[in-house]
Amino acid sequence: MDLFDYMRESRMETEAPLASRLRPRTLDEVEGQEHILGKDKLLYRAIKADKLRSVIFYGPPGTGKTTLAKVIANTTSADFCQINATAAGKKDMEEVVSRAKDSLGMYGKKTILFIDEIHRFNKGQQDYLLPFVEDGTVILIGATTENPYFEVNRALLSRSAIFELRPLSVESMERIIRRAVYDVERGMGAYRADITDEAASFLADVAGGDARSALNAVELGVLTTEPSADGRIHLTLEVMEECIQKRAVGYDKKGDNHYDTISAFIKSMRGTDPDAAVFYLAKMLYAGEDVKFIARRIMICAAEDVGNADPMALTVAVAAAQAVERVGMPEAQIILAQAVAYVACAPKSNAAVNAITEAMQAVQETRTTVPAHLQDAHYAGAKDLERGVGYRYAHNYPYHYVKQQYMPQELLGRKFYIPSGSGREKQIGEWLEFLRGQAEEEK
């Protein structure tokens, strides 16, 4: 390294963006990801022992994929090379592989190759790496925001361990934010800034687990806010709202407002007001509510409040729940809006709710016996005990229906499922009446 390289790196350390300066240097500084970095976990042990094999880190932006790669670079005895798939080509990889071969052959030293945005490599570029990953010329660390099972070659996946990084918790985010504000050496502490609890909590929440986004907002707030009369820079809620370009919507995911909003959301769908339902959906999404939680509530509403009045409502809701997990935000909001609008506009019936509620009560209050002709007759001696004797097979009769006793004797004549006159359920009710009428005529 010459004098100019040294000066450039020194300047980068002091003038780099806050998110870069505050990047953890050791495993102990890493926030979150306990599910893969706990001290009893494989990845933690492998990094500590410098025995890492090829891995792919997968997760949303700002969750620490590049950070982990940098931590590995600081702890390994192997050579460390980094390229970005958005800018690198085959020539770059050939140079890395050539150096790796020389390092391994001449010094017995391994090479770790970190490829950021590895999903950007085409099939040919990914295939080029295979033999060198296979024979240990390079140890691959790939980072991607896309599901590697869809975006990375199967052959490369089979040679790598997949570790999914999750959005950082609000608690982890708050610790990172406070460190950024008060750390004098690597953070913004030299500017004599203070952040209110309300502002820190808001920023940790709306950043959605993306540490880079929160740190950028902190840096912008400190650099653009004038000191007050006391000589300190005060990062208030209003300042943080402006810096992250989001307004606090009075939505605490653990407080009363959370329950009030989800209650209004459900009641709007139940009350066939798609406009209000979509508004409350938008409010929850804006506040960073978990899309899986929202999808679960839509599914429940589709069964509880729509039911058989429109059986497709539950199908749409379930499909939406599966789709949002695959697609992710921001596109997931379109899928959720479609499902919400469908469920809100669908004809309504709670007949299934009433049916299961009364049936559960009957089970608790009444001791019953299954009628003998409905009991299992598929074992030796069953007929001697008159099990299944007299059962009539419905498919042998017109309309695949025959009148016989199905209800236990103790509940004979009791009705649990009473179809409403709404939507598809009106037809269901008419069909049941028709079948029962045919049975009466047969008498």
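This text gives an overview of the structure that appears in the document. (Residues numbered from 1 in each chain as written. Predicted model: local features only at pLDDT ≥ 70, side-chain atom pairs only at ≥ 80, totals over all residues. Heavy atoms only, no water.)

As for the environment of E219
The residue E219 is located in helix α12 (residues 211–224) in this model. Given a relative accessible area of 15%, E219 falls into the buried group. There is a polar contact of 3.2 Å between the side chain of E219 and the backbone nitrogen of L18. (Helix = DSSP H or I, 4+ residues; strand = E, 2+ residues; numbered from the N terminus. Buried < 20%, exposed > 50% of the residue type's maximum accessible area, 1.4 Å probe, protein only. Polar contact = N/O pair within 3.5 Å; in protein donor to acceptor, adjacent residues only side chain to side chain.)

A short note on the layout of surface pockets
Size it by volume and the largest pocket reaches roughly 1600 Å³. P60, P167, V291, G328 and M329 are, among the 42 residues lining the largest pocket, the residues nearest its centre. Broken down by class, the residue content of the lining of the largest pocket amounts to 19 nonpolar, 9 polar and 14 charged. (1 Å grid on protein atoms, 1.4 Å probe; cavity = no way out; pocket = protein on both sides within 12 Å on 5 of 7 lines; lining within 4 Å. Points joined across faces, edges and corners; volume = space filled by probe spheres on them. Nonpolar A, V, L, I, M, F, W, Y, C, P; charged D, E, K, R; others polar.)

Thoughts on a nonpolar patch on the surface
Residues Y391, Y393 and Y406 make up a contiguous nonpolar surface patch of roughly 340 Å² in combined accessible area. Within the secondary structure, Y391 is located in the loop between α19 (351–365) and α20 (423–442). (Patch = residues over 30% accessible without salt bridge, like charges linked within 9 Å, V, L, I, M, F, W, Y side chains within 5 Å. Areas by Shrake-Rupley, 256 points an atom, 1.4 Å probe, with all protein chains shown as cover. Salt bridge = Lys/Arg side-chain N within 4 Å of Asp/Glu carboxyl O.)

Some thoughts on empty space enclosed by the protein
Rolling a probe over the atoms, with the probe sized like a water molecule, indicates the empty space that remains. Enumeration over the complete set of coordinates arrives at 1 cavity of 30 Å³ or more. Approximately 30 Å³ is the volume attributed to the largest cavity. In terms of lining residues, the largest cavity is bounded by A46, I47, D50, L52, I72, T75 and T76. Within the residue set of the lining of the largest cavity, elements represented by two or more residues are α4 (42–48) and α5 (65–75). In terms of residue class, the lining of the largest cavity is made up of 4 nonpolar, 2 polar and 1 charged.

What to know about the packing of helix α10 (residues 170–182) against helix α11 (residues 197–206)
Each packed pair of helices is defined by two parameters, the angle between the axes and the distance between the axes. Running from amino to carboxyl end, α10 crosses α11 at an angle of 125 degrees, the nearest separation of the two axes being 8 Å. For the element pair α10 / α11, the angle class is oblique. Helix-helix and strand crossings are classified by hand; for α10 and α11 the assignment is right-handed. Seen from α10, the contacting residues are V170, M173, E174, I177 and R178; seen from α11, they are D197, A200, S201, L203, A204 and D205. Looking at the contact of α10 with α11 residue by residue, the classes come out as 6 nonpolar, 1 polar and 4 charged. (Axes fitted to C-alpha atoms, helices over the stretch in contact; angles between N-to-C directions. Parallel < 35°, antiparallel > 145°, perpendicular 65-115°, else oblique. Left-handed = near helix turned anticlockwise from the far one by under 90°. Contact = heavy atoms within 4.5 Å.)

Some thoughts on the environment of A352
Mapped onto the elements, A352 comes out in helix α19. Taking relative accessible area as the criterion, A352 reaches 34% and is therefore assigned partly exposed. In this structure the C-alpha to C-alpha distance between A352 and L165, which are 187 residues apart in sequence, comes to 40 Å.

Overview of unusual backbone geometry
Cis geometry marks the peptide bond from M329 to P330; its omega dihedral reads 10 degrees. By the element assignment, P330 lies in the loop between α17 (312–327) and α18 (332–345). Its identity is not glycine, yet E117 carries a phi of approximately 55 degrees, on the positive side. Tracing the sequence through the fold places E117 in the loop between β3 (111–116) and α7 (123–134).

Considerations on α5
All of the buried residues in α5 are K65, T66, T67, L68, A69, V71 and I72. In the core, the buried residues of α5 are packed alongside α3 (34–37), α4, β1 (55–58), β2 (79–84), β3 and β4 (138–144).

A look at the environment of M93
Mapped onto the elements, M93 comes out in helix α6 (residues 90–107). Each residue touching M93, except ones within four places of it in the same chain, is listed here: I83, F121, Q125, Y128 and L129.

Re the nonpolar core
Nonpolar side chains tend toward joint burial in soluble globular proteins. Ranked by size, the top nonpolar core spans 32 residues in total, and within it I195, L203, V218, L235 and M240 carry the most contacts. Of all elements in the fold, only α2 (18–21), α10, β6 (193–195), α11, α12, β7 (233–235) and α13 (237–244) reach the threshold of two or more residues within this core. Residue contacts for V218: discarding those within four places in its chain leaves L18, I177, A180, V181 and L203. Counting 30 residues, the second largest nonpolar core, distinct from the first, contains L285, F293, V306 and L336. (Core = buried A, V, L, I, M, F, W, Y, C linked by side-chain atoms within 4.5 Å.)

Things to note about the sheet that holds strand β5 (residues 161–164)
Pairing is parallel in the open sheet, where 5 strands are placed in the order β2-β3-β4-β1-β5. Of all the strands in the sheet, just β2 and β5 have a single pairing partner and so form its edges. Neighbouring strand axes in the sheet, compared pairwise and without regard to direction, differ in orientation by 15 degrees on average. Inspection of the sheet shows β2 paired to β3 by 6 bridges, in the parallel sense. Considered in β3, the bridge of C81 is made with L113. Across the face of the sheet, α5 comes into contact with β1, β2, β3 and β4 while running at roughly 145 degrees to β1. (Pairing = 2+ DSSP bridges.)

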